[in-house]
Amino acid sequence: MIKIAVYGKGGIGKSTTVSNVAAALAEKGMTVMQIGCDPKADSTIQLRHGREMHTVLDLYNEKKQNLKLEDMTMIGYQGVICVEAGGPTPGLGCAGRGIITALEKLKETGAYEIYQPDIVLYDVLGDVVCGGFSMPMRKGYADKVFIITSGENMAIHAGANIAMAVQNFKNRGYASLGGIILNRRNVKREEAKVQELADDFETTVVGKLTRSELVTDAEEQGKTLMECYPDSEMAEEYRTLTENILKICREDGLC
């Protein structure tokens, strides 16, 4: 089982990218589990065509120790197993607690043994890299961390903070940095700035995604681009990114 955490600044297109990668992996015949680690609980919404699902934190607050695995999961497009950690009411409580609770309860209910995923994708909000938000990288849940960024300054800044956090944990046997994913916003010197970020942390740019209206159009339909436009050039970009991620994991002996 390969475990990958994908981090990035809020609004950078992280959930969209992760969902399309999940679909591309499933297209290859792999069993995929995607765990949304964001209080908004919308990581897997395109995979489940907008169908409502309960978050793990809400279920835990309601049922405490009587949680059942089937209540926490939903099967989405291409059989992707969807999980949403959830979070507290805005302004009340710690959002990172939702991530901690979700990961603990999935483990306790035997999610990985029952579903036996080939690959687990953690979609993690990257504006904050402390507490529960850093749990996927610091508690040994993930093997690799990939960072999504554009060439925008705030996205680069968030990417650098995430890479620094991974670097600080590298001697503890936690997740290592797999690389940077460029999600283009068509700003000046975009590729050069993202390459500089990769060079600063001695890693590589593993994928470059075009800013495409097809992605937005698919989202409007409540679906991934891989489902709506499987024969498009953009779908091939997601497939190429997926292959590059798998290659890095193979080189590290993870699959």
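Residues numbered from 1 in each chain as written. Predicted model: local features only at pLDDT ≥ 70, side-chain atom pairs only at ≥ 80, totals over all residues. Heavy atoms only, no water.

The protein chain goes by nitrogenase in an unreviewed UniProt entry, where it is assigned to Blautia obeum. The heading Catalytic activity (unreviewed entry) in the UniProt record of the protein chain holds the text "N2 + 8 reduced [2Fe-2S]-[ferredoxin] + 16 ATP + 16 H2O = H2 + 8 oxidized [2Fe-2S]-[ferredoxin] + 2 NH4(+) + 16 ADP + 16 phosphate + 6 H(+)". In the Function (unreviewed entry) part of its UniProt record, the protein chain is described as follows: "The key enzymatic reactions in nitrogen fixation are catalyzed by the nitrogenase complex, which has 2 components: the iron protein and the molybdenum-iron protein." (UniProt positions renumbered as here; feature names shortened; annotations may be inferred.)

A. Focus on empty space enclosed by the protein. Throughout the structure, instances matching the rule amount to one cavity of 30 Å³ or more. If you add up the space inside the largest cavity, you get close to 40 Å³. Considering each element in turn, the lining of the largest cavity owes the most residues, three residues, to helix 1 (residues 14-27). (1 Å grid on protein atoms, 1.4 Å probe; cavity = no way out; pocket = protein on both sides within 12 Å on 5 of 7 lines; lining within 4 Å. Points joined across faces, edges and corners; volume = space filled by probe spheres on them. Helix = DSSP H or I, 4+ residues; strand = E, 2+ residues; numbered from the N terminus.)

B. Fine view of unusual backbone geometry. Its identity as a non-glycine residue notwithstanding, Q116 has a phi of 50 degrees, on the positive side. Along the chain, Q116 turns up in the loop between helix 5 (111-115) and strand 5 (119-125). Even without glycine at this site, E202 takes up a positive phi of about 50 degrees. Inspection of the secondary structure puts E202 in the loop between helix 8 (190-200) and strand 8 (205-209).

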